[in-house]
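Observations on the three-dimensional arrangement
Chain by chain, the residues run as shown.
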Amino acid sequence: AKGEKYSADVLHLQGVLHTIGYYPPKGKTLSDCPINGIFGNCVERAVKDFQSAHDISTTGSVGPQTREELNKFTELDEQ
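Along each chain, residues carry numbers from 1 onward, in the same order as the chain's sequence is written. Residues qualify for local features only when their pLDDT is at least 70, as the model is predicted, and side-chain atom pairs are given and counted only at 80 or more; totals for whole chains, interfaces and linings, by contrast, use all residues. To get the side-chain values, all heavy atoms of the structure are used, and hydrogens and water are removed first.

1. Details of the packing of helix α1 (residues 8-19) against helix α2 (residues 41-53)
If you want to describe how two helices pack, look at the angle between their axes and the distance between the axes. Simply put, an axis is a line fit to the C-alpha atoms, just over the touching stretch for a helix, and the angle between two N-to-C directions goes from 0 to 180 degrees. Each helix is a run of DSSP H or I of at least 4 residues and each strand a run of E of at least 2, with the numbering of both proceeding from the N terminus. Packing of α1 against α2 brings their axes to within 11 Å, and their N-to-C directions diverge by 50 degrees. What the angle tells us is that α1 and α2 run oblique. Classified by chirality, the crossing of α2 by α1 is left-handed. Contacts between α1 and α2 pair Leu13, Gln14 and Leu17 from the former with Val43, Ala46, Val47 and Phe50 from the latter. Residues that form the contact of α1 with α2 fall into these classes: six nonpolar, one polar and no charged. Under this scheme an angle from 65 to 115 degrees is roughly perpendicular, one under 35 degrees roughly parallel, and one over 145 degrees roughly antiparallel; angles in between are oblique. With the far helix as reference, a near helix turned anticlockwise by less than a right angle produces a left-handed crossing, and one turned clockwise produces a right-handed crossing. For this analysis, residues touch if any pair of their heavy atoms sits within 4.5 Å. Each residue is assigned to one class: nonpolar for Ala, Val, Leu, Ile, Met, Phe, Trp, Tyr, Cys and Pro, charged for Asp, Glu, Lys and Arg, and polar for all the others, Gly among them.

2. Observations concerning α1
Helices are assigned an expected span. That span is 1.5 Å times one less than the residue count. If you check α1, its first and last C-alpha atoms are 16 Å apart, about what 12 residues at 1.5 Å a residue would give, namely 16 Å. For each residue, the accessible area found with a 1.4 Å probe, counting protein chains only, is set against the maximum for its type, and the residue is called buried under 20%, exposed over 50%, and partly exposed in between. Taken residue by residue, α1 has Val10, Leu13, Gln14, Val16 and Leu17 as its buried positions. On an axial view of α1, the arc spanned by its buried residues comes to 165 degrees, and they lie on one face. Exposed positions of α1 whose direction lies more than 90 degrees from the buried face are Ala8, His12 and Thr19. For α1, the side-chain oxygen to backbone nitrogen distance between the N-cap and aspartate 9 is 3.1 Å, and the N-cap itself is serine 7. Looking one or two residues past α1, glycine 21 carries a phi angle of roughly 95 degrees, positive in sign. Regarding the arc, it is the one traced by the directions from the helix axis to the C-beta atoms. What qualifies as a polar contact is a pair of N or O atoms within 3.5 Å, subject to a donor-acceptor requirement within protein and to the restriction that residues adjacent in sequence count only when both atoms come from side chains.

3. Some words on the state of the cysteines
By definition, disulfides here are pairs of cysteine sulfur atoms that lie within 2.5 Å. This structure, assessed with the given rule, holds one disulfide. Covalent S-S linkage joins cysteine 33 and cysteine 42, the inter-sulfur distance amounting to 1.9 Å. Between cysteine 33 and cysteine 42 the sulfur-sulfur dihedral comes to about -55 degrees; the bridge is accordingly left-handed. Each member of the pair, cysteine 33 as well as cysteine 42, is classed as buried.

4. Overview of the nonpolar core
Among buried residues, those of type Ala, Val, Leu, Ile, Met, Phe, Trp, Tyr and Cys that are joined through side-chain atoms within 4.5 Å constitute a nonpolar core. Among the nonpolar cores identified, the biggest contains 14 residues, and Leu13, Leu17, Tyr23, Phe39, Val43, Val47 and Leu70 are the most heavily contacted of them. Listing elements by their share of this core, those giving two or more residues are α1 and α2. Sorting elements by how many residues they give to this core places α2 first, with five residues. Beyond its immediate chain neighbours, meaning those up to four positions away, phenylalanine 39 contacts Ala1, Lys2, Gly3, Glu4, Val10, Leu13, Glu44, Val47 and Gly60.

Here it is in structure tokens:
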């Protein structure tokens, strides 16, 4: 959730979003939006961009539908 700090889950989320091209969000760099485990504006924007591209309600938070869609990308890594 937004505001979460130094979380392994957020760090993993940032890594997945980076791997699939959503993080950092458009117009930003890793200097602006480092992969640091903090769920701030950059992560929220990247999640919204991902949600929009996958026809998920753009809440900016990672609920069950967003998590399920993101998991499709992490499952590819595990195969």
